Amino acid sequence: MPLGKLIFHFFLLATIVVTKTHSWGAVGHAFVARIAMTFLTDSSKTFIKDILPWYVYGNMSMLASWPDNILYPDTNPVGYLNWDWSKPLHYVNTPDYVCQYVPSRDCVEDNCIDGAIQNYTKRLANTALDHVQRQEALQFLVHYVGDIHQPLHSGFTSDRGGNSVRGDDPES
Ligand SMILES: *[C@@H]1O[C@H](CO)[C@@H](O)[C@H](O)[C@H]1NC(C)=O
Ligand SMILES: *[C@@H]1O[C@H](CO)[C@@H](O)[C@H](O)[C@H]1NC(C)=O
Ligand SMILES: [Zn+2]
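Since this is a predicted model, take the numbers as computed values, not measurements.

Caption draft 1: Expanded view of the site of ligand 2. Around ligand 2, the structure places Trp85, Glu109, Asp110, Asn119, Tyr120, Arg123 and Glu136. Asn119 is positioned with one of its side-chain polar atoms (N or O) 2.3 Å from an oxygen atom of ligand 2. Residue Tyr120 places a side-chain N or O atom 2.7 Å away from an oxygen atom belonging to ligand 2. When ligand 2 is considered free in solution it has 360 Å² of accessible area, and contact with the protein chains removes 64% of it. A total of 3 residues in the shell around ligand 2 trace back to one element, the largest contributor, which is helix 6 (residues 113-125).

Below, the structure is given as structure tokens:
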């Protein structure tokens with residue numbers, strides 16, 4: 001499929017799968033990871049395969065929604081409270097109608113998606129960390145790169161990541 005057509009389908013799909021609670025949704029996140037995988041070199045593919053759990057055979061799509069799934073009692077009944085700290089890492093907000101992102105104001109102590117992408121990029125590359133930590137870093141990274149490209153996930157505080165914006169016809 002030509003790239004233009006692929007990207008068009010991607011946006012079409014992304015628009016359909018955006019839901020209220022789960023950002024892109026599982027299909028959208030899998031799709032973002034799948035597109036990313038088409039750009040990997042052979043050595044990057046091997047690197048990723050070695051980092052991810054063996055049972056996904058290097059397929060990043062299969063774990064692309066993990067950072068969402070760990071947050072909620074329906075997908076992680078026992079452990080979901082342990083991951084509460086990671087909720088602010090899925091988005092970044094600027095004050096309403098302020099279009100300039102200022103990290104010192106909007107991402108205090110790197111506690112936002114921009115900080116998370118930097119943190120997990122560094123941790124993924126840090127060979128001093130153990131395998132579990134680097135595996136977690138890659139899974140967070142794949143997901144947050146998807147989230148940061150989601151329309152309105154870098155938005156105004158009162159939008160709630162776009163959740164307060166109606167995309168449908170208000171008359172209907
Ligand atoms: C990777 O996983 C996704 C989601 O489970 C699946 O749709 C896709 O076919 C898989 N790709 C490969 C190359 O196995
Ligand atoms: C970086 O990631 C680690 C491991 O998940 C986490 O404990 C730490 O709080 C993160 N730091 C920042 C600044 O996000
Ligand atoms: Zn998310």
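Caption draft 2: Geometry of the packing of helix 3 (residues 42-51) against helix 7 (residues 131-148). Helix 7 packs onto helix 3 with a crossing angle of 120 degrees between their chain directions and a minimal axis gap of 9 Å. The angle between helix 3 and helix 7 places the two elements in the oblique class. Only His131, Arg134, Gln135 and Leu138 of helix 7 make contact with helix 3, whose side of the interface consists of Phe47, Ile48, Asp50 and Ile51. In terms of residue class, the contact of helix 3 with helix 7 is made up of 4 nonpolar, 2 polar and 2 charged.

Caption draft 3: Structural view of the coordination of the zinc ion (ligand 3). Every protein donor of the zinc ion (ligand 3) is accounted for by Asp68 (OD), His90 (ND1), His143 (NE2) and Asp147 (OD), and the metal-donor separations fall at 2.1 to 2.7 Å. Positions of the donor residues of the zinc ion (ligand 3), expressed as sequence spacing, correspond to D-x21-H-x52-H-x3-D. Of this pair, His90 sits in the loop between helix 4 (66-69) and strand 1 (92-94) while Asp147 sits in helix 7, and the two are 57 residues apart along the sequence. The exposure class of His90 is buried, given its relative accessible area of 6%.

Caption draft 4: Region of the structure containing the environment of Asp147. You can call Asp147 buried: its relative accessible area is 0%. Here the alpha-carbon distance between Asp147 and Trp24, two residues 123 residues apart in the chain, equals 6.9 Å. Side-chain polar atoms of Asp147 contact the side chain of His29, separated by 3.1 Å. A polar side-chain atom of Asp147 sits 3.1 Å from a polar atom in the side chain of His90.

Caption draft 5: Structural detail: helix 6. Taking 1.5 Å of rise per residue, 13 residues should cover 18 Å, and helix 6 covers 18 Å from first to last C-alpha, within 8% of that figure. Buried within helix 6 are the following residues: Ile113, Gly115, Ala116, Ile117, Tyr120 and Leu124. Contacts from the buried residues of helix 6 go to helix 3, strand 1 and helix 7.

Definitions and limits used
Chains are numbered independently. Their residues run from 1 in the order of the written sequence. Just so you know, chain letters begin at A and ligand numbers begin at 1, following the order they were written in. Local features in a predicted model are, by the rule used here, given only for residues with pLDDT of at least 70; side-chain atom pairs are given and counted only at 80 or more, and totals for whole chains, interfaces and linings are based on all residues. Heavy atoms from the whole structure form the basis of all side-chain values; hydrogens and water molecules are not counted. Whether a residue is near a molecule or strand is decided by its heavy atoms; if any one of them lies within 4 Å of it, the residue is near. Definition of a polar contact: a pair of N or O atoms within 3.5 Å, with one able to donate and the other able to accept a hydrogen when the atoms are protein atoms, and with sequence-neighbouring residues admitted only if both atoms are side-chain atoms. Accessibility throughout is a Shrake-Rupley quantity obtained with a 1.4 Å probe, and a residue counts as covered only by protein chains that appear here. Strands are runs of DSSP state E lasting at least 2 residues, helices are runs of H or I lasting at least 4, and numbering of each runs from the N terminus. Fitting a line to C-alpha atoms yields each axis, with helices limited to the stretch in contact; the angle taken between N-to-C directions then spans 0 to 180 degrees. By definition in this entry, angles of less than 35 degrees are roughly parallel, angles greater than 145 are roughly antiparallel, angles of 65 to 115 are roughly perpendicular, and the rest are oblique. Note on contacts: a residue pair is in contact if any heavy atoms of the two residues lie within 4.5 Å. Gly counts as polar in this scheme, as do all residues outside two lists: the nonpolar Ala, Val, Leu, Ile, Met, Phe, Trp, Tyr, Cys and Pro, and the charged Asp, Glu, Lys and Arg. The rule for donors is simple: an N, O or S atom within 2.8 Å of the metal counts, and for Na, K and Ca the reach is 3.2 Å. Water is not among the atoms, so a site may look short of donors. For the exposure calls, accessible area comes from a 1.4 Å probe over protein chains only, and a residue counts as buried if that area is under 20% of its type's maximum, exposed if over 50%, partly exposed in between. By this rule the span expected of a helix is its residue count minus one, scaled by 1.5 Å.

Geometry only, nothing functional implied.
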